[in-house]
Amino acid sequence: MKKILLTGASGFLGSYLLEDLQRQDVKIYALSRQARESSSPKVKWLQADISDESSLLRPDILDQLKGIDIIIHAAALYDLASGREELYRQNVLGTSNILHLVRLLKKMPHFAYISTIAIAGNAKINFDETCFDVGQTFPDAYASTKFAAEHMIRSANDITSRSIFRLGIVVGSSVDGSMVKADGPYMLQSLIRSLKPFTPIITRLKFLPLPYHESSR
C-alpha cells in the first residue's frame, strides 16, 4: 500500500483530492494547520503550518513520514484580497519548506505540485505545457507567487521525481455542479441580479447569453 502526504487537505481543492484518494488503496497523511480527527482508517491527520519551518519539520512529523511514496503539494493561498506578503508566505515560503521536507526524508518520494494556469499571467500566446517564463507580467500577487513557487519546483534538480499540474479554472465539482466558493473573476452574482427585471423575457429564451464585460448589453 502506497503512502501519500497531501498538503492543503482541508482546503478547497485538497478536500476533493482527499475524498478521491480514499477510494484508492493508499494510506493518506493529511496536513492541516488545525488539529483534526479522522473517521477513516485510511487517513491520518498531521497538524503543521507549511509556512512555519519549525512547525512543519518537527521530529515527530519526519518520523511519521519516513517511507512516504508520494507528496501531493496542493496547499496554497488563493485570496485576491490578501496582501502580497501573506501570499508570498503561504505560496512561496510554504513550497520552499515542503521541498526542504522532501530533502530530509531518507527515501525521496515523488513530488507532485499543484500549479495553476494563472502563472501565464498576461502572456499573449497559446500558453501550453512547454511554456514557462516568456516575460509575462502578472495581474495580481496570487499569480506571481504561484509562478515563483513553480520556478522553485522546476529548479529543484536534486529531486529527480517531480510532476507539475497546471490547473485551469476550478470553481467546484464537475459531477454535481456544487461550488464551494465564488470569487475573483468567477463572480456572477451581481450580473445575475441585474437581470432580474428581465425575468419575463428570459424565461422565453432557450439560451441566455452572458456578456463578459459589465458595460455590455
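Relevant structure appears above.
In this report, we go over the structure that sits alongside the text.

Criteria and thresholds
- Residues numbered from 1 in each chain as written.
- Predicted model: local features only at pLDDT ≥ 70, side-chain atom pairs only at ≥ 80, totals over all residues.
- Heavy atoms only, no water.
- Helix = DSSP H or I, 4+ residues; strand = E, 2+ residues; numbered from the N terminus.
- Expected span 1.5 Å × (residues − 1).
- Buried < 20%, exposed > 50% of the residue type's maximum accessible area, 1.4 Å probe, protein only.
- Contact = heavy atoms within 4.5 Å.
- Salt bridge = Lys/Arg side-chain N within 4 Å of Asp/Glu carboxyl O.
- Phe/Tyr/Trp six-rings, centres within 6.5 Å; stacked < 30°, edge-to-face > 60°.
- Lys NZ or Arg CZ within 6 Å of the ring centre and 35° of its normal.
- Axes fitted to C-alpha atoms, helices over the stretch in contact; angles between N-to-C directions.
- Parallel < 35°, antiparallel > 145°, perpendicular 65-115°, else oblique.
- Left-handed = near helix turned anticlockwise from the far one by under 90°.
- Nonpolar A, V, L, I, M, F, W, Y, C, P; charged D, E, K, R; others polar.

### Looking at helix α5 (residues 141–155)
- Compared with an ideal rise of 1.5 Å per residue, which puts 15 residues at 21 Å, α5 spans 21 Å between its outermost C-alpha atoms and is within 8% of the ideal.
- Taken together, the buried positions of α5 are occupied by Ala141, Tyr142, Ala143, Ser144, Thr145, Lys146, Phe147, Ala149, Glu150 and Ile153.
- Packed against the buried residues of α5 are α4 (84–104), β5 (110–116) and β6 (162–167).

### Here we look at the pattern of salt bridges
- All chains considered together, the criterion is met by nine salt bridges.
- Between Asp63 and Lys66 there is a salt bridge, and its shortest N-O distance comes to 3.1 Å.
- Close ionic contact of Glu150 with Arg166 constitutes a salt bridge, the shortest N to O distance being 2.8 Å. Of this pair, Glu150 sits in helix α5 while Arg166 sits in strand β6; the two residues are 16 residues apart in sequence, bridging distant segments of the chain.
- By relative accessible area, Glu150 is classed as buried at 0%.

### A closer look at the packing of aromatic side chains
- Inspection of the entire model under this criterion finds four aromatic pairs.
- Between Phe132 and Phe147, the ring centres sit 4.5 Å apart and the planes meet at 5 degrees, which makes this aromatic pair stacked. Residue Phe132 is found in the loop between β5 and α5, and its partner Phe147 is found in helix α5; the two are separated by 15 residues along the sequence. Assigned by exposure class, Phe132 and Phe147 land together as buried.
- Among the aromatic residues, those joined into a ring-pair cluster are Phe132, Phe138 and Phe147.
- Its end group placed over the ring of Tyr29, Lys27 keeps NZ or CZ at 6.0 Å from the ring centre.
- Sitting above the plane of the Trp45 ring, Arg36 keeps its charged end 5.6 Å from the centroid.

### Notes on the packing of α4 against α5
- Taken N-terminus to C-terminus, the directions of α4 and α5 make an angle of 15 degrees; their axes are 9 Å apart at the nearest point. As the angle between them shows, α4 and α5 are arranged roughly parallel. As α4 runs across α5, the sense of the crossing is right-handed. Contacts between α4 and α5 involve Arg84, Leu87, Tyr88, Asn91, Val92, Thr95, Ser96 and Leu99 on the former and, on the latter, Ala141, Tyr142, Ser144, Thr145, Lys146, Ala148, Ala149, Met152 and Ile153.
- Looking at side-chain class alone, the contact of α4 with α5 contains ten nonpolar, five polar and two charged residues.

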